[in-house]
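A structural walkthrough
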Amino acid sequence: MHSFGFRANALLTFAVTVLALICTMTSLSDNLNTPSPSADVQVKDIYWFQKSTKGDDEVSMTLNVTANLESLFTWNTKQVFVFLAAEYETAKNSWNQISLWDGIIPSKEHAKFSIHTTNKYRFSDQGSNLRGKDYNLTLHWHVMPKTGKMLADKIVMSGYRLPEEYRRRSAAAAA
Ligand SMILES: *[C@@H]1O[C@H](CO)[C@@H](O)[C@H](O)[C@H]1NC(C)=O
Ligand SMILES: *[C@@H]1O[C@H](CO)[C@@H](O)[C@H](O)[C@H]1NC(C)=O
């Protein structure tokens, strides 16, 4: 006959085994989870586009950033860092990247958003390279996990172009 102690021990062993199995399965499911985030960015307005006193091209624009990053959130997600970058080619550099906006998404409840914003960081380029420039807007993200490796990916949106001519700061924008 099994003593009570033996049975309790057997039960505990079984419980630990099940727990380990559940952990392995959740971990696997996290790895198998293929996120399918979506993003759409519209350039609503170019406030101004001009040369700075230093002679660099500078742009101020309004953006409408809509994204659904809910699928990046799993049980193992602490938070997600996102940034929107303008990426373009110039004669000098085959790849230029300028961060225009960024944010931290603390939870899944905040992962579906639509924001209307001007560029938070300066969109400028040395010299006169930006007139009529084709560029991409790329939404990059870094998933910060509770345990394990950080994950990074992006969505590239192409087909954006800056105006051919400089635009002065309008009276309304300057006010
Ligand atoms: C921003 O873009 C989304 C998706 O394209 C659209 O539904 C929304 O009306 C836009 N908001 C503004 C202020 O333009
Ligand atoms: C912009 O996006 C297009 C299409 O994805 C890509 O071929 C091109 O290399 C990108 N340009 C830059 C400067 O990243």
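Treat the numbers as computed from the prediction; the structure is a model and nothing was measured.

A look at the side chain of Asp57
When you line up the elements, Asp57 lands in strand E2 (residues 57–68). A distance of 3.3 Å separates polar atoms of two side chains, one belonging to Asp57 and the other to Lys51. Apart from the residues within four sequence positions on either side, Asp57 is in contact with Phe49, Gln50, Lys51, Phe123, Ser124, Asp125, Gly127, Ser128, Asn129, Leu130, Arg131 and Tyr166.

Here's the deal with the sheet that holds strand E7 (residues 134–145)
Ordered by their spatial adjacency, four strands build an open sheet running E4-E3-E7-E8, and the pairing between neighbours is antiparallel. Edge positions in the sheet fall to strand E4 (96–105) and strand E8 (151–161), since each has one partner strand and no second. Across this sheet, the average inter-strand angle for adjacent strands is 20°, counted without regard to direction. Direction of pairing for E7 relative to E8: antiparallel, over a ladder of nine bridges. Residue pairing for E8: Trp141 is matched across the bridge by Asp153.

Notes on the nonpolar core
Grouped together as the largest cluster of nonpolar side chains are 33 residues, with contacts concentrated most on Met61, Leu69, Leu84, Phe123 and Leu137. Elements with a minimum of two residues in this core: strand E1 (38–51), E2, strand E3 (77–88), E4, E7 and E8. If we ignore the near neighbours within four places in the chain, the residues touching Leu137 are Val41, Val43, Leu63, Leu84, Ala85, Ala86, Leu100, Ile155, Val156, Met157 and Tyr160.

A few points about the site of ligand 2
In the neighbourhood of ligand 2, the contacting residues comprise Glu87, Tyr88, Trp95, Asn136, Val156 and Ser158. In this structure, an oxygen atom belonging to ligand 2 sits 3.4 Å away from a side-chain N or O atom of Trp95. One of the side-chain nitrogen or oxygen atoms of Asn136 is found 2.3 Å away from an oxygen atom of ligand 2. Out of a free accessible area of 360 Å², ligand 2 has 49% covered by protein chains. Of all the secondary structure elements, the ones that give two or more residues to the shell around ligand 2 are E3 and E8. Considering only residue class, the shell around ligand 2 consists of three nonpolar, two polar and one charged.

Conventions we followed
Residues numbered from 1 in each chain as written. Chains lettered and ligands numbered in written order. Predicted model: local features only at pLDDT ≥ 70, side-chain atom pairs only at ≥ 80, totals over all residues. Heavy atoms only, no water. Helix = DSSP H or I, 4+ residues; strand = E, 2+ residues; numbered from the N terminus. Polar contact = N/O pair within 3.5 Å; in protein donor to acceptor, adjacent residues only side chain to side chain. Contact = heavy atoms within 4.5 Å. Pairing = 2+ DSSP bridges. Axes fitted to C-alpha atoms, helices over the stretch in contact; angles between N-to-C directions. Core = buried A, V, L, I, M, F, W, Y, C linked by side-chain atoms within 4.5 Å. Buried < 20%, exposed > 50% of the residue type's maximum accessible area, 1.4 Å probe, protein only. Near = heavy atom within 4 Å. Areas by Shrake-Rupley, 256 points an atom, 1.4 Å probe, with all protein chains shown as cover. Nonpolar A, V, L, I, M, F, W, Y, C, P; charged D, E, K, R; others polar.

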